Amino acid sequence: MRIQAIIETAIYVDDLDETEAFYRTILGLDVIAKKPGRDVFFQVGSNCVLRAFIADTTLKEGNTPHGTKGPGHFALGIKAEALDQWRQKLEENAVAIEDEIVWPKGGKSIYFRDPSGNLVELVTPGVWGLPSGW
């Protein structure tokens with residue numbers, strides 16, 4: 001018996017409208033659901049969801065409260081040949097790139113922050129040497 005995948009990743013944000021605009025406009029993610037004042041859900045690839053919460057709202061709920069404080073980190077996979085295009089898109093949209101890394105197994109990463117300070121990583125295949133290519 002093994003876990004098969006991460007299906008949903010949650011980040012905590014300060015402003016849902018600003019978050020939605022950033023992830024929809026800059027990163028091109030589709031919104032698949034949202035509840036004003038609480039959360040917005042983005043489709044990532046064909047089988048993953050990125051969920052952005054207002055932590056203070058979700059901590060006060062009676063149904064399995066969610067929440068944390070401070071910025072988080074997650075990585076979004078991109079094609080290796082698209083890395084330069086992503087770098088250009090970030091620069092054109094005044095998104096500061098904090099770091100770029102070439103990993104020992106061959107993958108590359110670009111790091112930047114979303115409007116709430118979460119560290120977002122765009123990563124190409126080869127970083128971990130996994131059977132899936134990542």
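Further up the page is the structure itself.
Keep in mind that what you see is a predicted model, and the values were worked out from it rather than measured.

(A) Spatial organisation of the overall build of the protein chain. Regarding its fold elements, the protein chain presents 3 helices and 8 strands. Helices and strands appear in the protein chain in the N-to-C order β-α-β-β-β-α-β-α-β-β-β. Each of the 134 residues in the protein chain was classed as buried or not, and the buried ones make up 37%. For the protein chain, long-range pairs separated by at least 24 residues make up 42% of all intrachain contacts whose partners lie at least 6 apart in sequence. By element, 53% of the accessible surface of the protein chain is carried by carbon and sulfur atoms, the whole surface being about 8300 Å².

(B) Examining a negative patch on the surface more closely. On the surface, Asp-14, Asp-15, Asp-17 and Glu-18 cluster together to form a negatively charged patch. One can find Asp-17 in helix H1 (residues 16–26).

(C) Molecular detail of the pairing of strand E7 (residues 108–113). Note: strand E6 (residues 97–102) against E7, 5 bridges, orientation antiparallel. Within E7, the position partnered with Ile-101 by the bridge is Ser-109. Following E6, the chain reverses through 5 residues before pairing antiparallel with E7; Gly-106 in that reversal takes a positive phi of roughly 115 degrees. In this structure, E7 lies alongside strand E8 (residues 119–123), joined through 5 bridges in antiparallel fashion. Across the sheet, Phe-112 pairs through a bridge with Val-120, a residue of E8. The turn joining E7 and E8, which pair antiparallel and follow one another in sequence, is formed by 5 residues; a positive phi near 95 degrees is taken by Gly-117.

(D) Examining the environment of Gly-129 more closely. Take Gly-129: it is sitting in the segment after E8. With a relative accessible area of 54%, Gly-129 lands in the exposed category. Once you skip the residues sitting within four places of it in the chain, Gly-129 turns out to touch Lys-105 and Trp-134.

Scoring rules and cut-offs
- All residue numbers refer to positions counted from 1 along the written sequence of the respective chain.
- The predicted origin of the model limits local features to residues at a pLDDT of at least 70 and limits the giving and counting of side-chain atom pairs to 80 or more, whereas totals for whole chains, interfaces and linings rest on all residues.
- Excluding hydrogens and water, the side-chain figures rest on all heavy atoms present in the structure.
- Strands here are runs of E lasting at least two residues and helices are runs of H or I lasting at least four, both read from the DSSP assignment and numbered beginning at the N terminus.
- Each residue is placed in one exposure class: buried if its accessible area under a 1.4 Å probe, protein chains only, is under 20% of its type's maximum, exposed if it is over 50%, and partly exposed if it falls in between.
- Whether two residues are in contact is decided by their heavy atoms, any of which lying within 4.5 Å being enough.
- All accessibility values rest on the Shrake-Rupley procedure with a 1.4 Å probe; residue burial counts only the protein chains present in the view.
- Exposure above 30% relative accessible area and no salt bridge define the residues that can form patches, which grow by joining like charges within 9 Å and nonpolar side chains of Val, Leu, Ile, Met, Phe, Trp and Tyr within 5 Å.
- Each salt bridge in this description consists of a side-chain nitrogen of Lys or Arg and a carboxyl oxygen of Asp or Glu lying within 4 Å of one another.
- For the purpose of counting charges, residues Lys and Arg are taken to be positive, whereas Asp and Glu are taken to be negative. His and the chain ends are not included.
- By convention, the point assigned to a charge is CZ for Arg, NZ for Lys, CD for Glu and CG for Asp.
- Paired strands, in this sense, are two strands between which DSSP finds at least two bridges.

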